[in-house]
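Read off the chains here:
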Amino acid sequence: MNRRNFLKTAGAAGAGLFLMPNTLYSALQNSPYTRADFGPDWQWGVATAAYQIEGAWNEDGKGESIWDRFSHTKGKIKGKDTGDVACDFYHRYPQDLELMARLNIPNNRFSLSWSRILPEGTGKVNPKGIDFYHKVIDKTLELGMEPWVTIFHWDLPQALQDKGGWMNRESIGWFSEYANLVTREYGDKVKNWMVLNEPMAFVSLGHLLGWHAPGKKGFGKFTAAAHHASMVQAEGGRIVRANVSNANVGTTQSVSFVDPYKDKPGQQKTARRLDAMLNRIFIEPSLGLGYPFEELPYLQKKIDKVIQPGDLDKLKFDFDFIGLQTYSREVFRHVPIVPVIHALRQSPKKRGHELTEMGWEVYPEAIYQTLKKFNAYPGVKKIIVTENGAAFPDKVEGDQVHDAKRTQFIQDYLGQVLRAKQEGMRVGGYFVWSFMDNFEWAEGYKPRFGLVHVDFETQKRTVKDSGIWYRDFLAGK
Ligand code: GCO
C-alpha cells in the first residue's frame, strides 16, 4: 500500500488502437464537453514543483534543502531515488516551456526553490538563483503563458531545519524574509501567487508520520509545525498583497473526500473527525473560524502550547482564491483504541473501484464533493483546482506513449468539476498535475503523473496521448 494514501486522497485502448496516429487516437477519447463549456474566464494550466523537476541540487550556489538531505538518507526513498537530477529542468527549461506552449497551455504553475535563492534560508541572497527564476518567468511570458508561482512547495532550506524548521516559531520570520524578497523581485511580472502547497501534507507527512522530509514523528511536533505554517499561510498572503500590484493571491490545500464506513451515527462522527483532521485545520483559521477543536479536542491541548495572544487574528487572510487539490476519497472505520483519531483507514482495494499506481481509489465524484464543501464557506471567494491527475503505468511505443487511463481519469474528474460549476459553485480553474513525469517524493520516479513522458536515463520528452488530448481540448477540438 502506498504510504501517502492516508493524506492524499483523503487520494484502454483496445487491441488495434496503438497502430493509429495520435490525433485519431485522441479523437477517440473525446470528452463529452468542450473547453467552451467552462467559459472564457476559466484558468487552464499544468503544475510542477521545484524539487520534483529541477535537479541541479548543488549547482550555481544553491543551498541544501530538507529534501536533498532526506533523499540522500538511506532507506527514505523507494529505489534509492533522489531529486539530484530529476527532469533536469534547471538546464532544459527553455525547451520544456516551449513544449508546454505547443500543448496550448495558458498557465504554468511552478514553485521557487527557497534554498536556490537564499542558500542558508535567510541572509545572503544567491544572485544565480534569483536570475534562474527571472529566466523561467520571462520565457513563460514570452511564450504567451502566465506564470502561477507557488512560494513554498516543501523544500525548506536545511539550514533552517537545523534550527527546528517549521516547529520553531521563528519560521514565521524566516518565511516573511523569503516571501518579501521574491514578491518584490518578481512581482512586476508575476500576478498569480500561491503561498503554500498543501500545508496539511508537508506538516503531517514530515512531522507526524515521518514519511517525508524532515522525517519527524509525533503529535506535538505536528501541532507546532501546523500552527506556524498556518501563521505563515496568512502572513504570506499579506506580503504578496503588499508587494504585488493587482495580485491574485491564493494558497493550496490537499482536500480528501471522507466517506463514512457505514451510514450509522458513530461512523458518521468518525468521518467528521477525520474530515476535520485532514481538511479543516488550515482553511478554517484563515477564514477566521479558528481551529476545528470541537471535533478534535486533543488538537486543542497541543495547540494551546504553541499559540500566543493575538495569533487567532493573524491567522486570518482573505485570499482571492483557494487552490483545491483532490485526488481520491477515503473511508475510515471507528476503532476506539487507535490514539487521537480513533479510526482506521479502510483499504480502497475492497471498494470495487479502480486504483491508480499510487494505490488511490479512482473516484471522480470526490472532487465534486470537496468543491461543494469548500464552496459552502462564505469566506472562500473563488476555488481553483490547482492540481489533479493520476499515476498509471504508461505504454511507450517508439514516439508514442499510450495512457488511456490517465486521459479517462482527467476527463471524468473534470466532468465533475464542470458539474460543480454548472451548479453555480465558485470554481474557476483546473491545473493538471503534472506537466511531465517527475520525482514523486518518497515514491521516487516510479509513479508517473505527467502529460509528457520523461525518460530519466536520456531526459527525452515524449508527449503522451493524454497530453495530445489536453492540447486538442484546449484548442477547442
Ligand atoms: C502534493 C503535490 C505534488 C504531488 C502530487 C501527486 O501535494 O503532493 O503538490 O507535489 O506530486 O500531488 O502526489
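Residues numbered from 1 in each chain as written. Predicted model: local features only at pLDDT ≥ 70, side-chain atom pairs only at ≥ 80, totals over all residues. Heavy atoms only, no water.

Comments concerning the overall build of the protein
Helices and strands together make up the secondary structure of the protein, namely 18 helices and 15 strands. In terms of overall size, the protein behaves like a compact globule, its C-alpha atoms giving a radius of gyration of 21 Å where 477 residues would be expected to give roughly 23 Å. As presented, the protein carries roughly 17500 Å² of accessible surface, and 52% of it is formed by carbon and sulfur atoms. (Helix = DSSP H or I, 4+ residues; strand = E, 2+ residues; numbered from the N terminus. Rg over C-alpha atoms; globule rule 2.2 N^0.38 Å. Areas by Shrake-Rupley, 256 points an atom, 1.4 Å probe, with all protein chains shown as cover.)

Thoughts on the pairing of strand β15 (residues 460–463)
Direction of pairing for strand β14 (residues 452–455) relative to β15: antiparallel, over a ladder of four bridges. The residue of β15 that forms the bridge with Val454 is Arg461. Where β14 hands over to β15, the hairpin turn is made up of four residues, of which Gln459 adopts a positive phi near 65°. (Pairing = 2+ DSSP bridges.)

What to know about the pairing of strand β7 (residues 321–325)
Looking along a regular strand, one sees the side chains alternate between the two faces of the sheet. With five of its five residues buried, β7 lies for the most part within the structure. The side-chain alternation of β7 yields two buried faces, one formed by Phe321, Gly323 and Gln325 and the other by Ile322 and Leu324. When strand β5 (residues 248–254) meets β7, the two strands line up parallel, connected through five bridges. Residue Gly250 lies in a different strand from β7, and its bridge partner there is Phe321. Note: β7 against strand β10 (residues 383–387), four bridges, orientation parallel. Residue pairing for β10: Ile322 is matched across the bridge by Ile383. (Buried < 20%, exposed > 50% of the residue type's maximum accessible area, 1.4 Å probe, protein only.)

Let's talk about the sheet that holds strand β8 (residues 329–334)
A sheet is described by the order of its strands in space; here three strands give the open sequence β6-β8-β9, paired in mixed fashion. With partners counted over all chains shown, the strands left at the sheet margins are β6 (257–260) and β9 (343–345), one partner each. Adjacent strand axes in the sheet meet at a mean angle of 40°, parallel and antiparallel pairs treated alike. Across four bridges, the pairing between β6 and β8 is parallel. Bridge assignment links Asp259 to a residue of β8, and that residue is Val331. (Axes fitted to C-alpha atoms, helices over the stretch in contact; angles between N-to-C directions.)

A short note on the packing of helix α17 (residues 404–422) against helix α18 (residues 465–474)
Close contact between α17 and α18 brings their axes to 8 Å; oriented N to C, the two are set at 40°. Judged on the interaxial angle alone, α18 and α17 are oblique. Side by side, α17 and α18 meet where Arg406, Thr407, Ile410, Gln411 and Leu414 of the first sit next to Asp465, Ser466, Trp469 and Phe473 of the second. Of the residues in the contact of α17 with α18, the class split is four nonpolar, three polar and two charged. (Parallel < 35°, antiparallel > 145°, perpendicular 65-115°, else oblique. Contact = heavy atoms within 4.5 Å. Nonpolar A, V, L, I, M, F, W, Y, C, P; charged D, E, K, R; others polar.)

Digging into unusual backbone geometry
Of note, the bond from Ala213 into Pro214 is cis; its omega dihedral lies within 30 degrees of zero at 5°. Within the secondary structure layout, Pro214 lies in the loop between α10 (199–207) and α11 (219–243). A cis amide bond links Trp433 to the next residue, Ser434, at an omega of 15°. Mapping Ser434 onto the fold places it in the loop between β13 (427–433) and β14. Phi at Trp441 is positive, roughly 50°, even though this residue is not glycine.

Let's talk about the packing of helix α7 (residues 127–142) against helix α9 (residues 171–186)
In contact at an axis separation of 11 Å, α7 and α9 are set at 45° when each is read in the N-to-C sense. Of the possible angle classes, the one that applies to α7 and α9 is oblique. Note on packing geometry: the crossing formed by α7 with α9 is right-handed. Judged by residue contacts, Gly129, Ile130, Tyr133, His134 and Ile137 of α7 engage Leu181, Glu185 and Tyr186 from α9. In terms of residue class, the contact of α7 with α9 is built from five nonpolar, two polar and one charged. (Left-handed = near helix turned anticlockwise from the far one by under 90°.)

Topic: the confidence of the model for the protein
Mean pLDDT for the protein: 94, with 94% of residues reaching 70 or above. Low confidence marks residues 8–27, where pLDDT is under 50. Its contacts with residues over four positions away, or in another chain, come to 44 contacts. (pLDDT = per-residue confidence, 0-100.)

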